Amino acid sequence: MSEQIFERIKQRLHKLYPLEQAKDTYQELNRLIQICGIETQKNNEQWTQQDVVLISYGDSLLNSDTSDAPLKVLQQFLNTQVKDVINTLHILPFFPYSSDDGFSVIDYVKVDPDLGDWSDVAAISQGYRLMVDLVINHISRESLWFTDYKADVAPFNQFFIEMPRDADVSQVVRPRNSPLLVPAYTHRGRKYVWATFSADQIDLNFENPAVLIKMIEVLLFYIKQKTHILRLDAIAFLWKKLGTDCIHLPQTHEVVKLIRDVFELVSPSALVLTETNVPHTENLSYFGEGDEAHMVYQFSLAPLVLHALYRANGSYLTRWAQQLSPPPSGCTFLNFTASHDGIGLRPVEGILPEHEIQELINGMHRQGGYVSMRSRPDGSESPYEINIALFSAFREIAGSLDPDQWQVERFICSQMIMLTLQGIPALYIHSLLATVNDQTGVERTGRTRSINRRKWEMSQLQPLLDAENSPNARVLKRLISVLKKRKKHKAFHPDSAQKVLDVGADFFVVWRGLGELDFPLLAVFNLTNQVKTLEYPFEQANEIHQDWVDLLEKKVHPLNQQPLSLQPYQVLWLMPAQVNNINPLWAMQTA
């Protein structure tokens, strides 16, 4: 088997580089893999319904009352609050950095001393699977690599992309509105180098195979630190070629496939996740033919869920979800509604009409949010993402004059849609904690993304979690309760079948596991702030069984006798009340 994988790697390198370079690169790559060690043992199951990811910065939680490093504080929170329901932790870049809250990496193999050290990361990995970022597209201007580039020191003097100042880069797809080419003062004079994201984040030149080898070395180091999921940050922009849009180029896909091949050799149970905040169809291309990323972010989900609950109209969410093809075998989605970044708007291009996108932007402005822009090839700008804390985004709905009493219920409904859909769910720590907009953070940093990157002092947070009726305590308690129930039901397995029903704009309705499980699940969501009755004659449900029980409240619903009545933002997870003389609630409790 390993011989076949090595042969695939060889072929991929021949697609990326001239013949002699490809041969030399293969020999060096083979040497690195042999040093790391080939692993043949693989888990029988890649994932189960018990897999839930928590996304957090290393310093999202602080404790100034102790000498504990932030990574220790984070581990303490995990162990005391969510150990029973979270099994994977995505620690956002925890390396020394110069900007962008970690995504401008100075040193890929050191832990930022302000966060802790590798022993703290190792301690976390004892109880949780680790997701680690490989910030593969660019590196900090303050890194030694770029310092050596400026000093004309080999091999780093060939690690970056130089362009004439007046190079025509108008075709290049941009995620920002900053200049693409930025000056660098070197021993060879002033040069202009490629910088997709900011003047401090200088893109690496993967046309040079030495850059690929360096990144594989970093990847193998992360594997040695027990990385379970490798997140390829900003991967879509990896390969550049003037005269093209420089996004999703064939060479980029080939590099992702090569990384997966390396994983299959050295850590066959580890997973590759691509981060591509782009229109939906482009995002799905990173599955390849089941030979590329194991997981892709479900980027369209976040703005569509927000839109459905803000506008009390699930028609666009339903239509998109109905057309969603299941991922290839051995692949799945990472579902999320919030992260350290904003709520991307490119993923709903062609899904939401422009006037609906604009109405959503206007509504989020009213909730205290911002919108980030990107440059288009014609020189104009268009909305790229909404910057807002998700809990604040649900403060009110379209057309309302004031916030209402349904913020918590509306927010919980949003999270349960994400927890229901096919894939692995990922919760941002500030969603788990119902954190509101951090306007002070925006004022302090001057960056709108800081609105959703609060650093909680435990002396401030803990009293809120201990106060029974605080939004923070209510949300955390509800989500933990839901996650405990979810992990016991096979219908939520990432590979379990999914079917979305259209029963009108007021509702979102999903089957999970229909036709393949003893206990399939029917999820019904009221997307409005009104009591709603669902008249839909659930023929398929009645064919399976007449009485259904709600997993969440253990209430029986005879679907063949009366319509369903749902309170504002209520969610029902319905299962057959009895199959083969087995009660599903009892079966789950004893599983």
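It should be emphasised that the depicted structure is a prediction, and the values quoted were computed from it without experimental measurement.

> Teacher, can you tell me more about the pairing of strand β7 (residues 181–186) here?
In regular strands, side chains alternate between the two faces of the sheet. Bridge count between β7 and strand β8 (residues 189–194): six bridges; the pairing is antiparallel. Bridge pairing in β8 links Val182 to Val193. Here β7 folds back onto β8, and the loop between the two strands holds two residues.

> Where do I start with the pattern of salt bridges in this structure?
Once their charged atoms are close, side chains differing in charge can pair, the charge on each being opposite to the other. Using the criterion set out here, one finds 32 salt bridges in the structure. For the salt bridge of Asp107 with Lys110, the shortest nitrogen-to-oxygen distance reads 4.0 Å. Salt bridges here are not isolated pairs; linked through shared partners, they connect Arg8, Arg12, Lys15, Glu254, Arg260, Asp261 and Glu264.

> For this particular structure, what's the right way to read the packing of aromatic side chains?
Each aromatic ring pair is specified by the distance between its two centres and by the angle formed by the two planes. Applying the stated criterion across every chain, the model contains 25 aromatic pairs. Centre to centre, the rings of Phe287 and Phe333 are 5.6 Å apart; their planes meet at 65°, and the pair counts as edge-to-face. Taken as a pair, Phe287 in the loop between α8 (280–284) and β12 (295–297) and Phe333 in strand β13 (residues 332–335) lie far apart in primary sequence, 46 residues in all. This pair shows no difference in class: Phe287 is buried, exactly as Phe333 is. Here the aromatic rings of Phe394 and Phe411 are separated by 6.2 Å at their centres, their planes lie at 65°, and the arrangement is edge-to-face. Note that Phe394 is positioned in the loop between α12 (390–393) and α13 (407–420) and Phe411 in helix α13, a separation of 17 residues in sequence. By relative accessible area, which is 0% here, Phe411 ends up buried. Its guanidinium or amino end placed over the ring of Tyr26, Lys10 lies 4.9 Å from that ring's centre, counting from NZ or CZ. The ring of Trp456 carries the charged tip of Arg454 above its face, separated from the ring centre by 3.7 Å.

> Just checking my understanding: could you explain the sheet that holds strand β4 (residues 129–134) for this structure?
Note on sheets: strands pair through backbone hydrogen bonds, and any given pair is parallel or antiparallel. Around the barrel, eight strands lie side by side as β1-β3-β4-β10-β11-β12-β13-β17; this closed barrel has parallel pairing. Going across the sheet, the axis of each strand differs from the next one's by a mean of 25°, ignoring polarity. Across three bridges, strand β3 (residues 88–91) lies against β4 in parallel orientation. Each bridged residue has a counterpart across the sheet, and for Leu89 the counterpart in β4 is Leu130.

> Quick question: what am I supposed to make of the sheet that holds strand β24 (residues 556–558) here?
Spatial ordering of the open sheet is given by β19-β20-β21-β26-β23-β24, a layout of six strands whose pairing is antiparallel. Only two strands of the sheet have a single partner each, and these edge strands are β19 (498–501) and β24. Strand-to-strand twist across the sheet, computed as the mean angle between neighbouring axes with direction ignored, equals 25°. In this sheet, strand β21 (residues 521–526) lies alongside strand β20 (residues 507–512) in antiparallel orientation, the contact comprising six bridges. Across the sheet, residue Phe507 finds its bridge partner in β21, namely Asn526.

> Would you mind going over unusual backbone geometry with me for this structure?
A negative phi holds for most residues other than glycine; trans holds for most peptide bonds. A cis amide bond, omega 0°, links Ala154 with the succeeding residue Pro155. You can see Pro155 is positioned in the loop between α5 (144–150) and β6 (162–163). Its identity is not glycine, yet Asp152 carries a phi of approximately 65°, on the positive side. With respect to the helices and strands, Asp152 occurs in the loop between α5 and β6. Residues other than glycine seldom take positive phi values, yet Ala312 does so here, at roughly 50°. In this structure, Ala312 sits in the loop between α9 (301–311) and α10 (315–322). A relative accessible area of 24% places Ala312 in the partly exposed class.

> For this particular structure, what's the right way to read the environment of Pro268?
In this fold, Pro268 is placed in the loop between α7 (250–266) and β11 (271–274). Look at Pro268 and you get buried, because its relative accessible area is 12%. Sequence separation of Pro268 and Glu39 is 229 residues, and the distance between their C-alpha atoms is 6.9 Å. Apart from residues lying up to four places away in sequence, Pro268 is in contact with Glu39, Thr40, Gln41, Lys42 and Phe263.

> Explain the packing of helix α2 (residues 19–36) against helix α6 (residues 209–224) here, please?
The relative placement of two packed helices comes down to the angle between their axes together with the axis-to-axis distance. For the pair α2 and α6, the least separation of the axes is 10 Å and the interaxial angle reads 15°. Of the possible angle classes, the one that applies to α2 and α6 is roughly parallel. Read as a crossing pair, α2 and α6 show a hand that is right-handed. Contact with α2, carried on its side by Gln21, Thr25, Glu28, Leu29, Leu32, Ile33 and Cys36, involves Pro209, Ile213, Ile216, Glu217, Leu220 and Lys224 of α6 and no other residues of that element. Looking at the contact of α2 with α6 residue by residue, the class counts come to eight nonpolar, two polar and three charged.

> Before we go on, may I ask you to explain the packing of helix α3 (residues 70–82) against helix α4 (residues 118–127) in this structure?
Where α3 contacts α4, the axes come no closer than 9 Å and their chain directions differ by 10°. Classified by the angle between their axes, α3 and α4 sit roughly parallel to one another. You can see that α3 and α4 cross each other, and the crossing is left-handed. Facing α3, whose interface residues are Leu71, Lys72 and Gln75, α4 presents Asp120, Val121, Ala123 and Ile124. Each residue belonging to the contact of α3 with α4 can be placed in one class, and the counts come to four nonpolar, one polar and two charged.

Thresholds, definitions, all that
Residues numbered from 1 in each chain as written. Predicted model: local features only at pLDDT ≥ 70, side-chain atom pairs only at ≥ 80, totals over all residues. Heavy atoms only, no water. Pairing = 2+ DSSP bridges. Helix = DSSP H or I, 4+ residues; strand = E, 2+ residues; numbered from the N terminus. Salt bridge = Lys/Arg side-chain N within 4 Å of Asp/Glu carboxyl O. Phe/Tyr/Trp six-rings, centres within 6.5 Å; stacked < 30°, edge-to-face > 60°. Buried < 20%, exposed > 50% of the residue type's maximum accessible area, 1.4 Å probe, protein only. Lys NZ or Arg CZ within 6 Å of the ring centre and 35° of its normal. Axes fitted to C-alpha atoms, helices over the stretch in contact; angles between N-to-C directions. Contact = heavy atoms within 4.5 Å. Parallel < 35°, antiparallel > 145°, perpendicular 65-115°, else oblique. Left-handed = near helix turned anticlockwise from the far one by under 90°. Nonpolar A, V, L, I, M, F, W, Y, C, P; charged D, E, K, R; others polar.

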